[in-house]
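Chain and residue survey
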Amino acid sequence: MTTIQADPATDDLKALAEQAGRDLEDASAPEILQWAAKTFGKRFCVTSSMEDAVVAHLASRAMPGVDVVFLDTGYHFPETIGTRDAVEAVMDVNVITLTPRQTVAEQDAEYGPKLHDRNPDLCCALRKVKPLEEGLAKYDAWATGLRRDESPTRANTPVVGWDEKRQKVKISPIARWTQDDVDAYVAEHGVLTNPLLMDGYTSVGCAPCTRRVLEGEDARAGRWAGRAKTECGLHE
Ligand code: SF4
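Starting from 1, residues in each chain are numbered consecutively following that chain's sequence as written. Selection of residues for local features in this predicted model requires a pLDDT of at least 70, selection of side-chain atom pairs for listing and counting requires 80 or more, and totals for whole chains, interfaces and linings are taken over all residues. Each side-chain value is worked out from all heavy atoms of the structure, with water and hydrogens disregarded.

The following threshold applies: UniProt positions are given in the numbering used here, feature names are shortened, and annotations may be inferred rather than shown by experiment.
Going by the annotation in an unreviewed UniProt entry, the name recorded for the protein is Adenosine 5'-phosphosulfate reductase, with Streptomyces jeddahensis given as the source organism. The heading Subcellular location (unreviewed entry) in the UniProt record of the protein holds the text "Cytoplasm". Entered under Function (unreviewed entry) in the UniProt record, the comment concerning the protein runs "Catalyzes the formation of sulfite from adenosine 5'-phosphosulfate (APS) using thioredoxin as an electron donor."

Quick look at the structure:
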């Protein structure tokens with residue numbers, strides 16, 4: 001098992017990520033997370049949108065007390081904040097809430113109201129991408145809940161890859177899972193899920209940019225509906 005030192009060289013991390021992506025392609029999600037816990041220790045975290053707590057639950061079993069990073073954009077549904085609070089209360093994880101530099105009111109004052117309707121890329125950059133970049137600075141590796149079946153843009157997601165933008169190892173332990181796999185894991189382990197998933201939403205983001213999905217649409221069709229935008233910039 002490869003164990004890295006604190007502040008490893010970027011080239012070493014990148015090589016490690018690429019090798020692990022090949023080695024772990026057929027590994028189970030718990031095996032991938034056990035590798036992450038052993039390899040990175042406290043320099044590893046999980047990010048969660050609080051759509052559900054599946055990856056946080058898996059990671060807490062591999063590494064009790066694992067950091068779970070949540071981006072509070074100021075635009076979340078109350079149900080999402082409630083899910084975050086419930087995860088913090090009942091799971092063996094350390095929830096870290098990141099916030100943008102500006103409140104929504106401060107952003108409105110500088111850029112005008114409803115920036116999300118006029119320039120969602122800038123709104124996401126200010127309220128998601130930048131805070132995450134700063135929040136991940138102390139880690140070498142981060143885990144996400146990305147799945148290949150969610151949308152065409154996620155079809156090639158590696159289980160372990162290199163995040164060129166942030167120069168970190170990016171781990172997607174459930175990349176190969178289907179929605180049925182997620183549902184089965186939630187049912188078997190009683191994992192917390194966002195109540196909006198029972199109300200017609202299949203992907204939960206900020207309230208102004210999320211709608212319920214229609215019959216036959218892919219899981220992320222309710223995000224930035226009617227726009228060419230499909231990702232917030234966190235996974236590009
Ligand atoms: Fe702004 Fe919408 Fe992006 Fe949230 S998802 S940060 S409200 S543009």
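Following the structure, the description resumes.
Here we look at the environment of P78
Applicable threshold: Per the convention used, a helix needs a DSSP run of H or I reaching at least four residues, while a strand needs a run of E reaching at least two, with both numbered from the N terminus.
Relative to the elements of secondary structure, P78 occurs in helix α4 (residues 78-90). Taking the C-alpha atoms as reference points, P78 and L33, 45 residues apart in sequence, are found 30 Å from one another.

Let's talk about the packing of helix α2 (residues 29-40) against helix α3 (residues 54-62)
This is how the line gets drawn: Only the stretch in contact is used when fitting a helix axis, every axis being a line fitted to C-alpha atoms; angles between N-to-C directions are given from 0 to 180 degrees. Orientation categories follow fixed angle ranges, with anything under 35 degrees roughly parallel, anything over 145 roughly antiparallel, 65 to 115 roughly perpendicular, and all other angles oblique. Left-handed is the label given to a crossing in which the near helix is rotated counterclockwise from the far helix by less than a right angle, and right-handed is the label when the rotation is clockwise. The criterion used for residue contact is that any of the two residues' heavy atoms lie within 4.5 Å. The residue classification treats Ala, Val, Leu, Ile, Met, Phe, Trp, Tyr, Cys and Pro as nonpolar and Asp, Glu, Lys and Arg as charged. All others, Gly included, are polar.
The contact between α2 and α3 brings their axes to 9 Å, and the two run at 55°. By the criterion of interaxial angle, the relationship of α2 to α3 is oblique. For the pair α2 and α3, the crossing hand works out as right-handed. Between α2, through A29, P30, L33, Q34 and A37, and α3, the contact on the second element is made entirely by L58, A59 and A62. Looking at the contact of α2 with α3 residue by residue, the class counts come to seven nonpolar, one polar and no charged.

Focus: the packing of helix α5 (residues 104-111) against helix α7 (residues 120-135)
The N-to-C vectors of α5 and α7 enclose an angle of 140°; their axes lie 12 Å apart at closest approach. On the basis of their axis angle, the class for α5 and α7 is oblique. Crossing geometry of α5 relative to α7 is assigned as right-handed. In this structure, α5 uses V104, Q107 and Y111 to contact α7, whose residues at the interface are L122, C123, L126 and R127. Tallied by class, the residues present in the contact of α5 with α7 amount to five nonpolar, one polar and one charged.

Details of the sheet that holds strand β4 (residues 141-143)
What counts is decided by this rule: For two strands to count as paired, DSSP must find a minimum of two bridges between them.
Taken together, six strands build an open sheet; the order of strands is β3-β2-β1-β4-β6-β5 and the sheet is mixed. Sheet topology places β3 (93-98) and β5 (160-163) at the edges, where each strand pairs with a single neighbour. Sheet twist, expressed as the average angle between the axes of neighbouring strands with direction ignored, equals 30°. Sheet strands in contact with α4 are β2 (66-71) and β3, and its direction is about 145° off that of β3.

Describing empty space enclosed by the protein
Where we set the bar: Cavity: a set of points on a 1 Å grid over the protein atoms alone where a 1.4 Å probe fits but cannot get out. Pocket: an open set with protein on both sides within 12 Å along at least five of seven lines, its lining residues, like those of a cavity, having an atom within 4 Å of a point. Grid points are joined across faces, edges and corners, and a volume is the space filled by probe spheres set on the points.
Applying the stated criterion across every chain, the model contains two cavities of 30 Å³ or more. In this model, the largest cavity occupies a volume close to 590 Å³. Lining the largest cavity are 34 residues; nearest its centre among them are T47, S48, S49, G145 and H235. Those elements that place two or more of their residues in the lining of the largest cavity are β1 (44-47), α3, β2 and α7. In this structure, the second largest cavity occupies an estimated 110 Å³ of space.

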